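# Coordinate analysis (summary)
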Amino acid sequence: MDSKKFVFPSEDVKNYATIQSYDDLYDESIADRETFWANEAKRLDWYKPWDKVLDDSRHPFYKWFVGGKTNIIQNAIDRHLKTATRNKLALIWEGEPGDLKTYSYHALNREVAEFANILKAMGVHKGDIVTIYMPQIPEQIFAMLACAKIGAAHSVVYGGFSHEALAERINAANSRVVITADGGFRRGKATKLKDIVNKAMELSPTMEVCITVKRTGEEVYMENDRDYWYHDLKALPIASHKCATEEMDAEDMLFLLYTSGSTGKPKGLVHTHGGYSVYTSATHRMVFDIKPEDRWWCAADPGWITGHSYMVYGPLINGSTIFMYEGAPNHPYPDRWWRMIDKYGITVLYTSPTAIRGLMRYGESWVNRHDISSLRLLGSVGEPINPEAWRWYHEVVGNKQCPIMDTWWQTETGGFVITPLPITPLKPGSATKPFFGHEIGVVDEQGKDVAANDVGALVIKNPWPGMARTIMGDDERYNETYWSKFEKQKYYHAGDSARKDEDGYYWIIGRSDDVIKVSGYRLGTAEIESAAVSHPDVAEAAAIPLPHELKGSGIHVYVILKAGKEGNKELAKELLDHVAKVMGPIARPEEIIFADSLPKTRSGKIMRRVLKARALGEDEGDLSTLDD
Ligand code: PRX
């Protein structure tokens, strides 16, 4: 497909879209960023209004809505209880076996209040960090909201991570309490989450209490005075459905979310109550042009930032009806998603290119069995979308009627940064233009803007309310990772390479650091390598991404064995299993390659880009720093 060709949104789209002119509002938002964001903040309720919109006195530790008092729950739930929204569905949930649960905003409030009171009874206080490791069931959302309500921060760990990875995150957050479930359903089988939590707890000295939601009914080991069934606690008088929402400072921590970076230790990024509320709700409302009658489906896992911002917080603040599905997209048949869109009348679908490619391979007949004409907008996130997937999504899923909002953002940004609006003329594969308030650059090593169509480093030149405030307990690392590269210009260094075309459209190429995106999931080469090296036969390892038809990128690991060990098929298989076991199944490499040496710089850093260029048969680039 000619990716240069514009696909104009239809007149229908222009007619319903609230924002009619991108350029005017964009110019306004740049000319006076603080007023733009203050106007957005005024759409929300505050216990006490802010004294100052932005405090930029201590770069890069920006503060937003300084002096303001709020709680994200005040806007995600409490204020809706005073309007007709209280009777509206907040959540429609379908389990993989086909069971269905629905909650109005009124019912959501009761569930969250009960959970919040249980947490309080378990000794959780304002400022504590609760770890959540759950399948995609309603209680996962209730747990997050309950923490927020009482002023505790949540740290959600994706349910596909191993017990080692979970323990590392529990320990780093000093969590006393973990919330889990016996398991969830995936491809007709029960996952064994509680078993993983049990193993993690053995490695976590800080763990005192584990609350387990019964989902699958499988037998699990429970320890006296440590393990509690959620339904048992819910039956006690402690679980009253009345609970006051804790008044928080705008800058207080709402959650901690671990993500992979260039170095080994995962980074716990901190997001706040005030700025994050404003940013997620504004971006969600404007980019997807949210209407009261929408049924919004963000098909992500709440364990990732996409789930936090656009499955839970943004949509609830906007009073949307959210849809959530527990299991695999192809269970029991590859029309599962389309069946549910038809059944529930979903109007907006927001998902990843990997999911689209996965469903595309089954062919369009599965889609065409169902009436999915309720869809009016589509969204994409997590990795660049290739033209074939874009076209299939647009033509087969969207029936050529639904513009695709290709949103570029990161765990660190909290919400969309480069994204179309429904009225934006689209170019397949481009995330198009900056969201309001953002000045984006594609720059060279010195931080100077490169010429149109040249590749450079993607930077954000301004602060924004949804930005992560720091890496928990490590301001230095936060500054070093994101702000030191273009220190002079005070640019945020995103870690992606990109180009901007002659029309001012941005094209994201991919990570330029040691992060690998597998199926849109973010993994660090250092974590993968240390998992490989934890095998007794391995001396050294280097992980690189290579293109993969379904996953976007797959992991390929070069391995140097210890003296006397011999590389063969059995050992390669054992190492694949080993990495998957240590990190979790999403990190399973495609291939293990036995090597005698690895290309390194003189200071001993592995030059992964050289390995990658060799594997792809491409030019190896500048080799002046290569040792030997
Ligand atoms: O490389 C970019 C890619 O995902 C990275 C951020 O990953 P994570 O923090 O896990 O957040 C994913 C969900 C927001 C980015 O640095 N990425 C994200 N969205 C896009 C994308 N690449 C291309 N196009 C996108 N729309």
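Model, not experiment: these values are computed from the prediction.

How each quantity is defined
- Residues numbered from 1 in each chain as written.
- Predicted model: local features only at pLDDT ≥ 70, side-chain atom pairs only at ≥ 80, totals over all residues.
- Heavy atoms only, no water.
- Helix = DSSP H or I, 4+ residues; strand = E, 2+ residues; numbered from the N terminus.
- Rg over C-alpha atoms; globule rule 2.2 N^0.38 Å.
- Contact = heavy atoms within 4.5 Å.
- Areas by Shrake-Rupley, 256 points an atom, 1.4 Å probe, with all protein chains shown as cover.
- Buried < 20%, exposed > 50% of the residue type's maximum accessible area, 1.4 Å probe, protein only.
- Core = buried A, V, L, I, M, F, W, Y, C linked by side-chain atoms within 4.5 Å.
- Pairing = 2+ DSSP bridges.
- Near = heavy atom within 4 Å.
- Polar contact = N/O pair within 3.5 Å; in protein donor to acceptor, adjacent residues only side chain to side chain.
- Axes fitted to C-alpha atoms, helices over the stretch in contact; angles between N-to-C directions.
- Parallel < 35°, antiparallel > 145°, perpendicular 65-115°, else oblique.
- Nonpolar A, V, L, I, M, F, W, Y, C, P; charged D, E, K, R; others polar.
- Left-handed = near helix turned anticlockwise from the far one by under 90°.
- UniProt positions renumbered as here; feature names shortened; annotations may be inferred.
- Salt bridge = Lys/Arg side-chain N within 4 Å of Asp/Glu carboxyl O.

## Structural notes on the overall build of the chain
Counting secondary structure elements, the chain contains 19 helices and 29 strands. In summary, the chain has a C-alpha radius of gyration of 24 Å against a globular reference of 25 Å for 628 residues, a match within 12%. The principal-axis extents of the C-alpha atoms in the chain amount to approximately 70 × 60 × 55 Å. Expressed as a percentage of contacts within the chain between residues at least 6 apart in sequence, the contacts between residues at least 24 apart total 71%. On the chain, roughly 24,400 Å² of surface is accessible, and the fraction owed to carbon and sulfur atoms is 48%.

## Overview of helix α15 (residues 387-397)
Among all positions of α15, only Ala389, Trp390, Trp392, Tyr393, His394, Val396 and Val397 are buried. Those residues of α15 that are buried lie in contact with α12 (336-344), β18 (348-351), α13 (353-360), α14 (365-368), β19 (377-381) and β20 (404-407). Following α15 by one or two positions, Asn399 adopts a phi angle in the positive range, close to 50°.

## Here's the deal with the nonpolar core
Phe65, Leu145, Phe288, Tyr313 and Leu458 are the most contacted members of the largest nonpolar core, which totals 116 residues. In terms of nonpolar packing, the next biggest core, distinct from the first, is built from 39 residues, Ala200, Leu523, Ala532 and Leu571 among them.

## Considering the pairing of strand β22 (residues 455-460)
Among the six residues in β22, five count as buried, and that is most of the element. Of the pairings in the sheet, the one linking β22 to strand β23 (residues 492-500) comprises five bridges and is antiparallel in character. Directly across from Gly456, in β23, lies its bridge partner Ala498.

## Details of the site of the ligand
Of all residues adjacent to the ligand, which total 17 residues, the nearest are Asp406, Thr407, Thr411, Lys517 and Arg522. In the model, a nitrogen atom of the ligand is placed 3.1 Å from a nitrogen or oxygen of the Gly382 main chain. At 2.6 Å, a side-chain N or O of Arg522 approaches an oxygen atom of the ligand. The protein chains hide 97% of the 540 Å² of surface that the ligand would expose on its own.

## What about unusual backbone geometry?
The omega torsion across His59 and Pro60 is 0°, close enough to zero to call that bond cis. With an omega of -5°, the peptide bond between His331 and Pro332 qualifies as cis. Within the secondary structure layout, Pro332 lies in the loop between β17 (321-325) and α12. Of note, the phi angle at Asn453 is positive, near 75°, even though the residue is not glycine. Tracing the backbone through its elements, the reader meets Asn453 in the loop between β21 (440-443) and β22. With a relative accessible area of 31%, Asn453 lands in the partly exposed category.

## Some remarks on the packing of α13 against α15
The geometry of α13 relative to α15 is characterised by a closest axis approach of 10 Å and an angle of 75° between their N-to-C directions. Between α13 and α15, the interaxial angle falls into the category roughly perpendicular. Here Ile356, Arg357, Leu359 and Met360 of α13 come into contact with α15, specifically with Glu388, Ala389, Trp392 and Tyr393. In terms of residue class, the contact of α13 with α15 is built from six nonpolar, no polar and two charged.

## Remarks on the packing of helix α17 (residues 525-533) against helix α18 (residues 569-583)
Running from N to C, α17 and α18 cross one another at 120°; their axes reach a closest spacing of 9 Å. Considering their axes alone, α17 and α18 lie oblique with respect to each other. For the pair α17 and α18, the sense of crossing is right-handed. Contacts between α17 and α18 pair Glu527, Ile528, Ala531 and Ala532 from the former with His578, Val579, Val582 and Met583 from the latter. For the contact of α17 with α18, the class distribution of residues is six nonpolar, one polar and one charged.

## A closer look at the UniProt feature "domain: AMP-binding enzyme C-terminal" (unreviewed entry) in the chain
Here, the residues flagged by UniProt with the feature "domain: AMP-binding enzyme C-terminal" (unreviewed entry) are residues 527-605. Between the C-alpha atoms that bound residues 527-605 the distance is 15 Å, and the span itself is 28% helix and 32% strand.

## Looking at the sheet that holds strand β7 (residues 153-156)
One open sheet holds the seven strands; their spatial order is β12-β11-β8-β6-β7-β14-β15, and the pairing between them is mixed. For this open sheet the edge positions go to β12 (227-229) and β15 (267-272), each flanked by a neighbour on one side alone. Strand-to-strand twist across the sheet, computed as the mean angle between neighbouring axes with direction ignored, equals 25°.

## A look at the pattern of salt bridges
Opposite charge on two side chains lets them pair, provided their charged atoms get close. Scanning all chains against the criterion turns up 41 salt bridges. Taking the shortest distance from any N to any O, the salt bridge between Asp99 and Arg215 comes out at 2.8 Å. Within this pair, whereas Asp99 is found in the loop between β4 (89-94) and β5 (100-104), its partner Arg215 is found in the loop between β11 (209-213) and β12, the two being separated by 116 residues in sequence. On the accessibility criterion, Arg215 (17% relative accessible area) is buried. Among the ionic pairs, Asp503 bridges to Lys427, the shortest N-O distance being 2.7 Å.

## Quick look at the sheet that holds β22
Taken together, the four strands give an open sheet; going across it, the order is β21-β22-β23-β24, and neighbouring strands pair in antiparallel fashion. Whereas interior strands pair on both sides, the edge strands pair on one side only; in this sheet they are β21 and β24 (506-511). Recorded for the sheet is a direction-independent mean angle of 45° between the axes of neighbouring strands.

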